[in-house]
Amino acid sequence: MSSNSETNGIELVFVGVAVFFLVIMGWLMKTFDVEWQTALETAPSLIAWLVVVGGGIFFGIKMETGLVRWGTPLAIALLIPVFKPILEEAAGVRDMGGLVLNNMVSWYGTGWGMSLMFFGILIIGYGLLYWWHRRNSYYW
């Protein structure tokens with residue numbers, strides 16, 4: 001195999017990754033009606049989340065463990081930090097030249113609001129899983 005065909009493969013992968021990144025950014029901008037800077041801040045963490053969750057689902061199914069079921073509340077809760085820039089923009093947090101203006105910010109754009117959502121999802125999700133597990137178990 002010549003080095004020319006290897007280079008073309010690497011270039012093709014790079015172009016594919018760049019196009020995927022731009023598609024994710026376009027989807028974020030259209031879906032959440034945010035500026036490109038906010039989409040640029042959100043896209044890398046969303047792609048990392050997709051890779052980790054996709055890998056967890058793949059290995060959880062392949063190993064036939066309860067990883068998918070017991071990891072679902074954590075995966076959903078981790079969407080809060082992933083979408084933090086979008087939540088802040090939607091809530092009214094504005095950063096102008098290093099000065100953060102947060103007058104009249106909605107509760108979900110603050111640190112405690114995001115923490116409340118994160119831990120609320122974890123508590124409700126694992127509470128439901130525990131309840132379903134206990135209800136279907138004869139040994140409890």
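Residues numbered from 1 in each chain as written. Predicted model: local features only at pLDDT ≥ 70, side-chain atom pairs only at ≥ 80, totals over all residues. Heavy atoms only, no water.

Quick notes on the overall build of the protein
Looking only at helices and strands, one finds six helices and two strands in the protein. Each helix and strand of the protein, placed in order from N terminus to C terminus, yields the pattern α-α-α-α-α-β-β-α. In the protein, buried positions account for 24% of the 140 residues. Here the contacts in the protein between residues at least 6 apart in sequence split such that 50% fall between residues at least 24 apart. Looking at the protein as shown, the accessible area adds up to about 10200 Å², and 70% of this sits on carbon and sulfur atoms. (Helix = DSSP H or I, 4+ residues; strand = E, 2+ residues; numbered from the N terminus. Buried < 20%, exposed > 50% of the residue type's maximum accessible area, 1.4 Å probe, protein only. Contact = heavy atoms within 4.5 Å. Areas by Shrake-Rupley, 256 points an atom, 1.4 Å probe, with all protein chains shown as cover.)

What about the packing of aromatic side chains?
If you walk through the whole model with that rule in mind, you get six aromatic pairs. Relative to Tyr 108, the ring of Trp 107 lies with its centre 6.0 Å away and its plane at 85°, an arrangement referred to as edge-to-face. Using a relative accessible area of 43% as the deciding quantity, one classes Trp 107 as partly exposed. On the basis of an interplanar angle of 85° and a centroid distance of 5.1 Å, the ring pair of Phe 118 and Phe 119 is categorised as edge-to-face. The structure contains a cluster of three or more aromatic residues connected by ring pairs, namely Trp 27, Phe 32 and Phe 83. (Phe/Tyr/Trp six-rings, centres within 6.5 Å; stacked < 30°, edge-to-face > 60°.)

Digging into helix α6 (residues 111-135)
Taking 1.5 Å of rise per residue, the 25 residues of α6 would be expected to cover 36 Å, and the 36 Å separating its terminal C-alpha atoms lies within 8% of that figure. Listing the buried residues of α6 in full gives Gly 113, Met 114, Met 117, Phe 118, Leu 122, Gly 125 and Leu 129. Contacts made by the buried residues of α6 are with α3 (67-77), α4 (79-82) and α5 (84-91). (Expected span 1.5 Å × (residues − 1).)

Focus: the nonpolar core
Core analysis: the largest hydrophobic core is formed by 13 residues, its most contacted members being Ile 24, Leu 28, Leu 46 and Phe 83. With five residues, helix α2 (residues 36-62) is the largest single contributor of residues to this core. Setting aside anything within four residues of it in sequence, one finds Phe 83 in contact with Leu 28, Phe 32, Thr 42 and Leu 46. (Core = buried A, V, L, I, M, F, W, Y, C linked by side-chain atoms within 4.5 Å.)

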